[in-house]
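Structure at a glance
Chain residues, written in single-letter form:
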Amino acid sequence: MPREHPTATPLHVVRAPEDLLFASKCVAGDRAALRELFQRERQRVHALLYRVVGSNAHIEDLLQDTFLEVFRSLSSYRGEASLRTWIDRCAIRAAYAYFGRKARLPQLEPVLDPIFKGPNAEERASLREAARRLYAELDKLETKQRLAFTLFAIEGLPLNEIAKMMEASLMTTKTRVWRARRAIEKRARKDALLVEFLADDKGDEKDAESCEET
Amino acid sequence: MRRNLEVQVEPLTEQRWSRVERAIFARLDAEASGRAPETPRTRSHAPLAWMSAAAAFAALALVIFWRAPTGAPRELGVSPSRISTGKNPSHLELPGVSLDVNPESAVVVGGEAQRSMLIVVDRGEIACDVAPRAADAPLIVQAGEVRVRVVGTRFKVSRLGESARVEVQKGVVEVSVAGKTTTVGAGESWASAKEVVSSAPEVTAPREPSVPSGAMLPDGVVVPEAHVRRAPPRGAVTQAHPVTPAPAPVVEEREAPAAPRARSSQDLFESAAKVEVSDPGRAITLYRSIETGQDSWAQNALFAHARLEATRGNKGEARRLLLQYLSRFPRGANADDARAVLERVR
């Protein structure tokens, strides 16, 4: 006779007890805690979203979407991952929804903001132009491929992390990254600046390339 | 170790952060009290709201940077600044750079006065008067793919879409595009692929001029040899490894040679109209050279160009030009015609 479990509720491994405690304050409606969470995470979330979409054109809406999703869903946070990781997943969902409705938004010319770090204006100009061309190509990709590629190649997240964020298998994620890169490189073949820019991302292609057979 | 593609994140201003925070908590408050949010989201599915936001931003930019024509120019630091103008021009005084931003233009200015500065022309036209700078601290102006490097001169850069034009009044600038660099001196102009130099020589040149071997011009740019002087033999410079610093400051404060007398917009327009049937490509090139201006001939040329593209079956390009016409000249003489043609090419 099979042994009966005392409860059907699945057990969760709490890996981030402090985050869970903090989240519980937010869920209880502690406005100061919510504001603290916003202040603490806003720059990081902004950077993630910026690298995914490529400009600040619609970033305010994306940030609103992300933090509203975070605040509304905090009650479902179980502390199984860090709060940061959990928030990143909300941001990616918001970005995914954004790309879905992007076609309905007024289309402005994408303007990448200049890069003001570094000593050399010419390098900044080159980088800016290369990034502009890259995002123009990314705009042509299927949304999931674009998200996977930007998170991997620009944000620098590991593939398994991206897979979790996008609620996909590791193999699917690798395939998306590889297909995205192949499509961009194919289109960029005649663009020396873009080719050189993309060459910066050759260091760890093996993961993605290994999916070519799939 | 994997290196990531380098995309620098432009930070948001505190004002924008405050707006985001206010909007979020207003919505939370509204949801908590079970009523519609009092503070609307900045995202709106209605174009009107988006336009309002854009207008507000433009107004903010103008409030910050615009000066009345009779007022003293504003002194700006060189923290990253975006300037967009509406119907009025704007004048800025940056460290060592006097910058005029013409109407309907947008630029982003940044960099460090003592090192190097970057001005990005997103649309429209600017005129710069640059005090002599150190060779290792150049001013870079980027207009699409075209890059202008300068260490001390007076010049104009105008941009429409991906094309750009550089006119030098004093001194020398280096123009880079598609990995090649050329030098443009006082009294000379340079135009990128989809542009054409408006000064006289190209009009008097053979009708199908080939690209001169010395000019660094992509895709069949119509610029005669006499118009753009060759750069000194510094070797081609790729965009990825941009313009190598000049061995010495390129501040040639030489007297501008007598500039060739430019044909008027009307002359160019009439020339274009004459060859519409026999040589539509040439006509389009001429229309393009006029339509970036602000006068009535620019209106005429833009509409004529759009109509010609529609006639040739290039509906997409015709639509783009007609929308541009209606955006720039909503009450223009051909506005009604433009709407009618637009209906036909939809």
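Residues numbered from 1 in each chain as written. Chains lettered and ligands numbered in written order. Predicted model: local features only at pLDDT ≥ 70, side-chain atom pairs only at ≥ 80, totals over all residues.

The next point concerns the overall build of chain A. On a plain count of helices and strands, chain A comes out with 10 helices and zero strands. From first element to last, N terminus to C terminus, chain A shows the α and β order α-α-α-α-α-α-α-α-α-α. Burial status across chain A gives 44% buried among its 214 residues. Relative to all contacts within chain A whose residues are 6 or more apart in sequence, the contacts with residues 24 or more apart total 67%. (Helix = DSSP H or I, 4+ residues; strand = E, 2+ residues; numbered from the N terminus. Buried ≥ 20, exposed ≤ 12 C-beta atoms within 10 Å, placed from the backbone. Contact = placed C-beta atoms within 7 Å.)

Residues and elements named next belong to chain A. For helix H9 (residues 192–199), the complete set of buried residues consists of Leu193, Leu194, Phe197 and Leu198. Buried residues along H9 cover an arc of 130° about the axis, so they all sit on one side. On its buried side, H9 packs onto helix H5 (121–138) and helix H8 (170–187). (Arc of directions from axis to C-beta.)

Detail in the predicted coordinates should be disregarded across regions flagged by low pLDDT. All names here are of chain A. Residues of chain A with pLDDT of at least 70 account for 78%, and the chain-wide mean is 80. Throughout residues 105–117 the model reports pLDDT below 50, and contacts reaching past four residues in sequence, or to other chains, amount to 37 contacts. For the stretch residues 209–214, pLDDT sits under 50, and the model shows nine contacts to residues farther than four places along the chain or on other chains. (pLDDT = per-residue confidence, 0-100.)

All right, on to the pairing of strand E7 (residues 139–143) of chain B then. All names here are of chain B. Along E7, five of the five residues are buried, which leaves the element largely enclosed by surrounding structure. Neither face of E7 is exposed, since Leu139, Val141 and Ala143 on one face and Ile140 and Gln142 on the opposite face are all buried. The sheet contact formed by strand E6 (residues 117–130) and E7 spans four bridges and is parallel. Residue pairing in the sheet places leucine 118 in a bridge with isoleucine 140 of E7. Where E7 lies against strand E8 (residues 146–150), five bridges are found, and the strand directions are antiparallel. Its bridge partner being in E8, leucine 139 is matched across the sheet by valine 150. Remark: two residues form the turn of the hairpin made by E7 and E8, two consecutive strands paired antiparallel; glycine 144 in that turn has positive phi of roughly 65°. (Pairing = 2+ DSSP bridges.)

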